[in-house]
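These are the residues of each chain, in order.
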Amino acid sequence: MTSTQTHWPYARLIAHRGAGRYAPENTLSAIRMGAQHGFTMMEYDVKLSRDGVPVLLHDDTLDRTSNARGIAGNLSFSELAEIDFGSWHSRDFAGEPIGTLASIAAYTLANGIASNIEIKPTKGLEHETGRAVAEQAARLWRDAPLPPLLSSFSEIALQAAMEAAPDLPRALLLARELPADWQEKAERLRVKGLNMNTRYITHDNAVAILDAGYTLAVYTVNDPERARELINWGCNALFTDEIKTISPTYF
Ligand code: G3P
Ligand code: MG
């Protein structure tokens, strides 16, 4: 355990893509499922429809998580609203609509659930997406007790989010090893911390990040022993798909 004083006002356990394994990921049903299992914080991926509406979707294309095909960002919101985002998962969720940032804000705020909004731009729309998501989040969470944490793998999106809503906290997502210049990036983007891939977290780099005063949240942790190890090293939070075993009652 480190002696870090880093301030992390959020939950220790975060349901990844909502409860994206047991319900269609990144939908209101997934968020509800996470809440029913005691999770008080959700991570979800947000990008823009062609007409600029922030919607929940992980991939650039519709292929994996809906009954449609092609680039989601080429469709208007009214076109996306006609697509089934549930049947691919299971028939219980047939007809699930695309989640919007506005609908997820309404549900999470009404139920005291915190949010990590991952800005996941369609390729080429990094700046526009960072700005639009941050602007809408600032409006939707204006009176919230806890602001959403905005994160992205895209430094362009984070920079745009910082310019659009400087008061919303941000985290830099890293998919691979901790780069040598991580602190320079963190300072430039004025992030609160790093959200890192569990594969690349060692005890030493976790301690270095925390001792430098940054928060550290780790994805995607589905093994309870690894979860316990990361928490013992002082990591602030874990993203999990395994809401039934790595649950708020377990930790
Ligand atoms: O935000 C943590 C995690 O969701 C990042 O990876 O691909 O699941 O969005 P991905
Ligand atoms: Mg994500």
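Colleague: Looking at this structure, how should I read the pairing of strand β5 (residues 149–152)?
Modeller: Taken residue by residue, a regular strand's side chains alternate between the two faces of the sheet. Judged by which residues are buried, β5 turns out to be covered on both faces: L149 and S151 on one side and L150 and S152 on the other are all buried. Note on the crossover from strand β4 (residues 114–119) through helix α4 (residues 126–140) to β5: the handedness is right-handed. Relative to strand β6 (residues 170–174), β5 runs parallel, the two being bridged by three bridges. The partner of S151 across the bridge, within β6, is A171. Running through helix α5 (residues 155–164), the crossover from β5 to the neighbouring parallel element β6 is right-handed.

Colleague: I would appreciate a short explanation of the packing of aromatic side chains in the present structure.
Modeller: To describe a pair of aromatic rings, you give the distance between the ring centres and the angle between the ring planes. Per the counting criterion, the structure on display carries three aromatic pairs. Relative to Y219, the ring of F153 has its centre 6.1 Å away and its plane inclined at 80 degrees; by these criteria the two rings are edge-to-face. Linking F153 in the loop between β5 and α5 with Y219 in strand β8 (residues 215–219), this pair joins segments that are 66 residues apart in sequence. Classification of F153 as partly exposed rests on a relative accessible area of 35%. Note on W182 and Y214: the rings are 5.4 Å apart at their centroids and 75 degrees apart in plane angle, and the pair reads as edge-to-face. Residue W182 is located in helix α6 (residues 182–188), and its partner Y214 is located in the loop between α7 (203–211) and β8; the two are separated by 32 residues in the primary sequence.

Colleague: Mind showing me how you'd approach the coordination of the magnesium ion (ligand 2) here?
Modeller: The expected angle between donors at a tetrahedral four-coordinate metal is 109.5 degrees. At an octahedral six-coordinate metal it is 90 or 180 degrees. Every protein donor of the magnesium ion (ligand 2) is accounted for by E43 (OE), D45 (OD) and E118 (OE), and the metal-donor separations fall at 2.0 to 2.2 Å. Linear spacing of the donor residues for the magnesium ion (ligand 2) on their chain is E-x1-D-x72-E. One end of the pair, E43, is in strand β2 (residues 41–48); the other, E118, is in strand β4, with 75 residues separating them in the sequence. You'll find E43 and E118 in the same group, each marked buried.

Colleague: Any chance you could explain the nonpolar core here in plain terms?
Modeller: Across soluble globular proteins, nonpolar side chains show a tendency to be buried alongside one another. The biggest cluster of nonpolar side chains holds 57 residues, and the ones touching the most others in it are Y44, I117 and L216. When sequence neighbours within four positions are dropped, the list of residues in contact with L216 reads L194, M196, I201, A206, I209, L210, C235, N236 and A237. A11, L149, A171 and A237 belong to the second-largest nonpolar core, a separate cluster that totals 13 residues.

Colleague: Please explain the site of ligand 1 as it appears in this structure.
Modeller: Every residue close to ligand 1 is listed here: H16, R17, E43, D45, H58, E118, K120, F153, L173 and Y219. Contact distances for ligand 1 include 3.2 Å between an oxygen atom and a side-chain N or O atom of D45. In the environment of ligand 1, an oxygen atom lies 2.7 Å from a nitrogen or oxygen atom belonging to the side chain of K120. Protein burial of ligand 1: of its 290 Å² of free accessible surface, 92% is covered by the chains.

The rules behind the values
Every chain's residues receive numbers from 1 upward, in the order its sequence appears when written. Note on labels: chains are lettered from A, ligands numbered from 1, in written order. Thresholds applied to this predicted model are a pLDDT of at least 70 for local features of residues and 80 or more for the giving and counting of side-chain atom pairs; totals over whole chains, interfaces and linings are not thresholded and use all residues. Processing note: side-chain calculations cover all non-hydrogen atoms of the structure and skip hydrogens and water entirely. Think of it in three bands: residues with accessible area under 20% of the maximum for their type are buried, residues over 50% are exposed, and the middle band is partly exposed, with areas taken using a 1.4 Å probe on protein chains only. Numbering of helices and strands runs from the N terminus, with a helix taken as a DSSP run of H or I at least four residues long and a strand as a DSSP run of E at least two residues long. If you view a crossover with the strands going away from you and the path from the first strand over the helix to the second runs clockwise, you call it right-handed. Only when DSSP finds a minimum of two bridges between them are two strands counted as paired. Between the rings of Phe, Tyr and Trp (Trp by its six-membered ring), a pair exists once the centres lie within 6.5 Å; its type follows the angle of the planes, with under 30 degrees stacked, over 60 edge-to-face, and the other angles tilted. The donor set comprises N, O and S atoms within 2.8 Å of the metal, extended to 3.2 Å for Na, K and Ca; water molecules are omitted, so apparent gaps in a site may simply reflect that omission. Among the buried residues, those of types Ala, Val, Leu, Ile, Met, Phe, Trp, Tyr and Cys that are joined through side-chain atoms within 4.5 Å form a nonpolar core. We call two residues in contact whenever any of their non-hydrogen atoms come within 4.5 Å of each other. Any residue with a non-hydrogen atom lying within 4 Å of a molecule or strand is treated as near it. Contacts described as polar in this section are N or O atom pairs within 3.5 Å, which, within protein, must combine one atom able to donate a hydrogen with one able to accept it, while residues neighboring in sequence count only if both atoms come from side chains. Areas reported as accessible are Shrake-Rupley estimates using a 1.4 Å probe. Residue values count occlusion only from the protein chains shown.

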